[in-house]
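# Structural overview
Chain by chain, the residues run as shown.
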Amino acid sequence: MNPKQSKLLWWEGASLYQIYPRSFFDTNADGVGDLKGIHQKLDYIESLNVDGLWISPFYKSPMVDFGYDVSDYRDIDPLFGNLKDLELLLRETHKRGLKLIIDLVLSHTSEQHLWFKESVENPQGPYGDYYVWVPSDRPNELPNNWLSVFGGPAWTYHERRKAFYFHNFLKEQPDLNLHNPQVRKELLDVAKFWLDFGVDGFRLDACNCYFHDQSLRDNPKGPSGEVKVQDEENPYFSMVHLHDKSQPENIDFLNDLRSLTDSYQEKGRDIFLLGEIFCDREEETTRSYTGGGRPLHSAYNFSLLRNDRPGGIVRDAVMTYHSISPMTAWSFSNHDVVRVVSRWGDGLSLKNRAKAYNLILSGLPGLIIFYQGEELGLTETRLAKEHLHDPFGSNIDSPYPGRDGCRTPIPWQSDSPSLGFSKGEPWLPLSSEHQNLSVNIQETEGESILNHARKLLDLRKTIQKESQIFSKGSIHFWEDDGEAIVYALNLEGDSLVFMANFGPRPLRWEGLTQGELIKEVSEGIEFYENEQGSRVELLSGGFGILKLKN
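Computed from a predicted structure; not experimentally measured.

Time to look at the overall build of the protein chain. Within the protein chain, the regular secondary structure consists of 14 helices and 20 strands. With respect to the three principal axes, the spread of C-alpha positions in the protein chain is 85 × 50 × 50 Å. Here the protein chain holds 550 residues, and 62% of them are scored as buried. Counting only contacts in the protein chain whose residues sit at least 6 apart along the sequence, the fraction spanning at least 24 positions is 69%. When the accessible surface of the protein chain is split by element, carbon and sulfur atoms take 47% of a total near 20700 Å². In the protein chain, the 57 positive side-chain charges and the 81 negative ones have mean positions that sit 3 Å from each other.

Here you go:
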């Protein structure tokens, strides 16, 4: 595979490793992971053969939503360390040739942020219009029918200010009013602060939630078009979210942010913008945010994070969004959804299932994101009620327990207290199921899930450097019927075929062109070749990669 080479931007065809810092590695025995913990495990991260890290929020915060409620955009919460710790982590990350992007939470702050406090105390002052306020002397009459993602109305009455304020998420997370030019300037200054600090880009949290309809029109009632993730009984899904997010003004702000990041090219730095998009009109919004590579370089949607895996889900999502942007980002798990090996269960052993999903993810075109623990095959943890912390689970009247189960700490050492995560009491208990999946055990097993993931990511990196197939290739699905997922990437007459069989019956293809089976990442595949071509049989539970000549 040797097409004419062109300079690759660092994120093209790249793989990222998402770190949820609370649960990665604790160095000070307080039971919470920290920045020094990420620093200490950089050799491990480098060994995964990823291209960069995405670190979930570490800003100063009251931690009602575990860092997504920011009280100071320019400081580190003491739970995680300080700015010097981040500076050292960034320097050591770059020494290893890795990139580091951070979460940027711009749609809302904590109610403890200085801006909100000042907005409450002095409505006529400089911060009075920083949030979405609706004055009222009738606290029982809501401004409209908008709902919060976390349950209940999206409006909370503030007795001191005699007004409702809007919050897409928790009431402790008031939404900023980006219709105010000064708010937009403040947020661009926040981005500039971190770019000057040295980060390589941003994952933009809820990036379609920056603006609201100023006329406050009711949302239409009826089934939401949003992909069902987390709790399907959430009342939030009983409305079409036309007016509380995904407004046309969003584009102008994202363009301003892109202009800021592009200005760093003069300093020899390529800054990456990755947007999180979750809305009824996901396809339309993604097209307007990433079509032609602007204003965002990439976005990821929730189509592969949904609760079930019907036939065609991977095919339909990839074919749709890859046609919008060849740099679409893909993930099977993150800190907000049930881990994929538990969410998309089947009859396979955990080991085979984890390897198969990691293999399918590793070949997707564009950008891929491994969530911490996916390389170990970690399952969702079932926690007793007294150990649940996530307000999502407690705010909504349903059986949904919240997101704690996918956030339990990484098991590093099978024979250590707290499985090597902390010398103190972990903020969430570790699962006994994870003991045999600990890093130290998998390090010594040649065929472990961990070592298989390393091979997959090394293969992706090597092939991308040789051919750019993950950023410039086309994709065609052979199978996605609910039991098997098989697709081929094609570029310059060559093909890479990624295949996994989750069903009980073997599958066979004959009359293929000549090629080879990449044996070091394949199991349960029989590959035959002669002068007329080749054929392949994919056994139940089998997975692997073929390299074919067209």
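Resuming the write-up.
Within the largest apolar cluster, 122 residues are counted, with the highest numbers of intra-cluster contacts made by Ile 45, Phe 58, Trp 194, Phe 202 and Leu 204. The biggest single contributor to this core is helix H5 (residues 181-197), with seven residues. Leave out the neighbours within four places in its chain, and Phe 58 touches Leu 35, Asp 75, Ile 76, Asp 77, Phe 80, Leu 86, Ile 102 and Trp 194. Counting residues in each nonpolar core, the second largest holds 31 residues, with Trp 11, Ala 14, Ala 206 and Tyr 400 among its members.

With that settled, the discussion passes to the sheet that holds strand E12 (residues 329-330). Read across the sheet, eight strands follow the order E11-E10-E9-E5-E2-E1-E13-E12 without closing on themselves; strand pairing throughout is parallel. The open sheet terminates on both sides in strands that have one partner only, identified here as strand E11 (298-300) and E12. Bridge count between strand E1 (residues 15-19) and strand E2 (residues 52-55): four bridges; the pairing is parallel. Across the sheet, Gln 18 pairs through a bridge with Trp 54, a residue of E2. Docked against the sheet, helix H3 (residues 83-95) engages E2 and strand E5 (99-104), running at close to 140 degrees with respect to E5.

Let us look at the sheet that holds strand E7 (residues 155-158). With respect to topology, three strands assemble into an open sheet ordered E6-E8-E7, the strand pairing being antiparallel. With partners counted over all chains shown, the strands left at the sheet margins are strand E6 (133-135) and E7, one partner each. Averaged over all pairs of adjacent strands, the angle between their axes in this sheet comes to 30 degrees, without regard to strand direction. As paired strands, E7 and strand E8 (residues 163-166) are joined by four bridges and run antiparallel to one another. Each residue of the ladder has a partner; that of Tyr 157, found in E8, is Phe 164. Across the sheet, helix H4 (residues 114-121) is in contact with E6, E7 and E8; its angle to E6 comes to roughly 15 degrees.

Oppositely charged side chains can form a pair if their charged atoms are brought close together. Tallied over the full model, the rule gives 31 salt bridges. Of the charged contacts in the structure, one is a salt bridge between Arg 294 and Asp 262, with a shortest N-O distance of 3.3 Å. Here Asp 262 lies in helix H6 (residues 249-262) and Arg 294 lies in the loop between helix H7 (282-290) and E11, a separation of 32 residues in the sequence. A relative accessible area of 37% places Arg 294 in the partly exposed class. The residue Lys 355 makes a salt bridge to Glu 523 at a minimum N-O spacing of 2.6 Å. Of the two residues, Lys 355 is situated in helix H10 (residues 350-362) and Glu 523 in strand E19 (residues 523-530); the sequence distance between them amounts to 168 residues.

Further remarks concern the packing of H7 against helix H8 (residues 313-324). Packing of H7 against H8 brings their axes to within 9 Å, and their N-to-C directions diverge by 30 degrees. In terms of orientation, H7 lies roughly parallel with respect to H8. H8 is crossed by H7, and the crossing has right-handed handedness. Across the interface between the two elements, Glu 282, Glu 283, Thr 286, Arg 287 and Thr 290 of H7 pack against Thr 320, Tyr 321 and Ile 324 of H8. Counted by class, the contact of H7 with H8 contains two nonpolar, three polar and three charged residues.

For the structure on display, the rule yields 41 aromatic pairs. Ring centres 5.3 Å apart and planes at 50 degrees place the aromatic pair Phe 66 and Trp 427 in the tilted group. Placement of Phe 66 in the loop between strand E3 (59-60) and strand E4 (72-76) and of Trp 427 in the loop between helix H11 (391-395) and helix H12 (439-444) is noted, with a sequence separation of 361 residues between them. Exposure class is identical for Phe 66 and Trp 427. Each is buried. Ring centres of Phe 150 and Phe 169 lie 6.0 Å apart, and the angle between their planes is 70 degrees; on these two criteria the pair is classed as edge-to-face. Taken together, the positions of Phe 150 in the loop between E6 and E7 and Phe 169 in the loop between E8 and H5 put the pair 19 residues apart, joining distant regions of the chain. When the ring centre of Tyr 528 is taken as reference, the NZ or CZ atom of Arg 535 above it lies at 4.1 Å.

Here Asn 451 is to be found in helix H13 (residues 449-467). Among the polar contacts listed, one links the side chain of Asn 451 to the side chain of Arg 454, at a separation of 3.0 Å.

Summarising the element assignment, Trp 509 is placed in strand E17 (residues 507-512). Judged by its relative accessible area of 14%, Trp 509 falls in the buried class. Distance from Trp 509 to Ala 356, taken between C-alpha atoms, is 19 Å for residues 153 residues apart in sequence. Setting aside residues no more than four positions away along its own chain, Trp 509 makes contact with Trp 478, Glu 479, Val 486, Met 499, Arg 535, Val 536 and Leu 538.

So, on to unusual backbone geometry. Omega for the bond connecting Arg 294 with Pro 295 falls within 30 degrees of zero, at -5 degrees, which places this linkage in the cis form. Here Pro 295 is to be found in the loop between H7 and E11. With phi around 70 degrees, Asn 49 is a residue other than glycine that occupies positive phi space. Tracing the sequence through the fold places Asn 49 in the loop between helix H2 (42-47) and E2. Although it is not a glycine, Met 63 adopts a positive phi angle of roughly 65 degrees. Its place among the elements puts Met 63 in the loop between E3 and E4.

Conventions and cut-offs
Residues numbered from 1 in each chain as written. Predicted model: local features only at pLDDT ≥ 70, side-chain atom pairs only at ≥ 80, totals over all residues. Heavy atoms only, no water. Helix = DSSP H or I, 4+ residues; strand = E, 2+ residues; numbered from the N terminus. Buried < 20%, exposed > 50% of the residue type's maximum accessible area, 1.4 Å probe, protein only. Contact = heavy atoms within 4.5 Å. Areas by Shrake-Rupley, 256 points an atom, 1.4 Å probe, with all protein chains shown as cover. Lys, Arg positive; Asp, Glu negative; His and termini not counted. Charge placed at Lys NZ, Arg CZ, Asp CG, Glu CD. Core = buried A, V, L, I, M, F, W, Y, C linked by side-chain atoms within 4.5 Å. Pairing = 2+ DSSP bridges. Axes fitted to C-alpha atoms, helices over the stretch in contact; angles between N-to-C directions. Salt bridge = Lys/Arg side-chain N within 4 Å of Asp/Glu carboxyl O. Parallel < 35°, antiparallel > 145°, perpendicular 65-115°, else oblique. Left-handed = near helix turned anticlockwise from the far one by under 90°. Nonpolar A, V, L, I, M, F, W, Y, C, P; charged D, E, K, R; others polar. Phe/Tyr/Trp six-rings, centres within 6.5 Å; stacked < 30°, edge-to-face > 60°. Lys NZ or Arg CZ within 6 Å of the ring centre and 35° of its normal. Polar contact = N/O pair within 3.5 Å; in protein donor to acceptor, adjacent residues only side chain to side chain.

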